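One-letter residues, chain by chain:
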Amino acid sequence: QVQLVESGGGLVQAGGSLRLSCSASGRSFSSFVGWFRQAPGKEREFVAAISRKGISILYEDSVKGRFTIARDNTNNKLYLQMNFLKPDDTAVYYCAAGATAMTKRVNAYVYWGQGTQVTVSS
């Protein structure tokens, strides 16, 4: 079992930056891990994922060049650096773990955090 806790969300103006963190406890998250987001009235969508050793990374097209995913396996942490934020990035951001392959599919991830709100004002 893995417990995930996100932090770092908040309110930022368009063009600004935020860094999200996800801490894992209970068991090291040695699997593929990723970030998803869900805006009001929309389905949860993939943002980025990273392989066990950080060698393979996948981004959703809308965040490429603006967001960077990274992981610290020693301290069981996952990060999402978000730069040049846009109002369309406003959503609750979720950390996810437990996938057995690199994938964008929501149901491939077993463990989920409670989410952290990111609001980008125009």
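Residues numbered from 1 in each chain as written. Predicted model: local features only at pLDDT ≥ 70, side-chain atom pairs only at ≥ 80, totals over all residues. Heavy atoms only, no water.

**Details of the nonpolar core**
Part 1 of the argument: If you look at the biggest cluster of nonpolar residues, it comprises 28 residues, and the most contacted ones within it are L4, W35, L78, L80, M82 and Y93.
Part 2 of the argument: Residue assignment for this core shows that the elements contributing at least two residues are β3 (18-25), β4 (32-38), β5 (45-50), β7 (67-72), β8 (77-82), β9 (91-99) and β11 (116-121).
Part 3 of the argument: Setting aside chain neighbours within four positions, we find Y93 in contact with E6, L20, F36, R37, V47, F67, L80, M82, G115, T116 and V118. (Core = buried A, V, L, I, M, F, W, Y, C linked by side-chain atoms within 4.5 Å. Buried < 20%, exposed > 50% of the residue type's maximum accessible area, 1.4 Å probe, protein only. Helix = DSSP H or I, 4+ residues; strand = E, 2+ residues; numbered from the N terminus. Contact = heavy atoms within 4.5 Å.)

**A word on the state of the cysteines**
Part 1 of the argument: Per the stated rule, a full pass over the model turns up 1 disulfide.
Part 2 of the argument: Between C22 and C95 runs a disulfide, and the two sulfur atoms are separated by 2.1 Å. The sign of the S-S torsion, about -75°, decides the handedness of the disulfide formed by C22 and C95: left-handed. You can see C22 sitting in strand β3 and its partner C95 sitting in strand β9, a full 73 residues away along the chain. (Disulfide = S-S within 2.5 Å.)

**A word on the pairing of β3**
Part 1 of the argument: For strand β1 (residues 3-7) and β3, the ladder comprises 5 bridges, and the chain directions are antiparallel. Each residue of the ladder has a partner; that of L4, found in β3, is A24.
Part 2 of the argument: Pairing of β3 with β8 involves 6 bridges; the strand directions are antiparallel. Considered in β8, the bridge of L20 is made with L80. (Pairing = 2+ DSSP bridges.)

**What to know about the pattern of salt bridges**
Part 1 of the argument: Counted according to the given criterion, the structure contains 5 salt bridges.
Part 2 of the argument: A salt bridge links E45 to R37; the shortest N-O distance between them is 2.6 Å.
Part 3 of the argument: Accessibility expressed as a relative area gives 35% for E45, which makes it partly exposed.
Part 4 of the argument: Where D61 meets K64, a salt bridge forms, and the shortest distance between an N and an O atom there is 3.1 Å.
Part 5 of the argument: Taking relative accessible area as the criterion, D61 reaches 54% and is therefore assigned exposed.
Part 6 of the argument: The structure contains a network of salt bridges with shared partners spanning R37, E45, R66 and D89. (Salt bridge = Lys/Arg side-chain N within 4 Å of Asp/Glu carboxyl O.)

**Details of the sheet that holds β7**
Strand pairing within a sheet occurs via backbone hydrogen bonds; the two strands may be parallel or antiparallel.
Part 1 of the argument: Pairing within the open sheet is antiparallel, and its 4 strands lie in the order β1-β3-β8-β7. What marks the edges here is a single partner per strand, and that holds for β1 and β7. Between one strand and the next, the sheet's axes are offset by a mean angle of 15°, whatever the strand orientation.
Part 2 of the argument: Note: β7 against β8, 6 bridges, orientation antiparallel. Of the residues in β8, the one forming a bridge with T68 is Q81. (Axes fitted to C-alpha atoms, helices over the stretch in contact; angles between N-to-C directions.)

**Examining the side chain of T103**
Part 1 of the argument: Summarising the element assignment, T103 is placed in the loop between β9 and β10 (111-112).
Part 2 of the argument: Looking at T103, the relative accessible area reads 13%, which means it is buried.
Part 3 of the argument: One polar contact links the side chain of T103 to the main-chain amide nitrogen of R105, over a distance of 3.0 Å.
Part 4 of the argument: Once you skip the residues sitting within four places of it in the chain, T103 turns out to touch F46, A49, A108 and Y109. (Polar contact = N/O pair within 3.5 Å; in protein donor to acceptor, adjacent residues only side chain to side chain.)

These results come straight from atomic positions and should not be treated as a statement about function.
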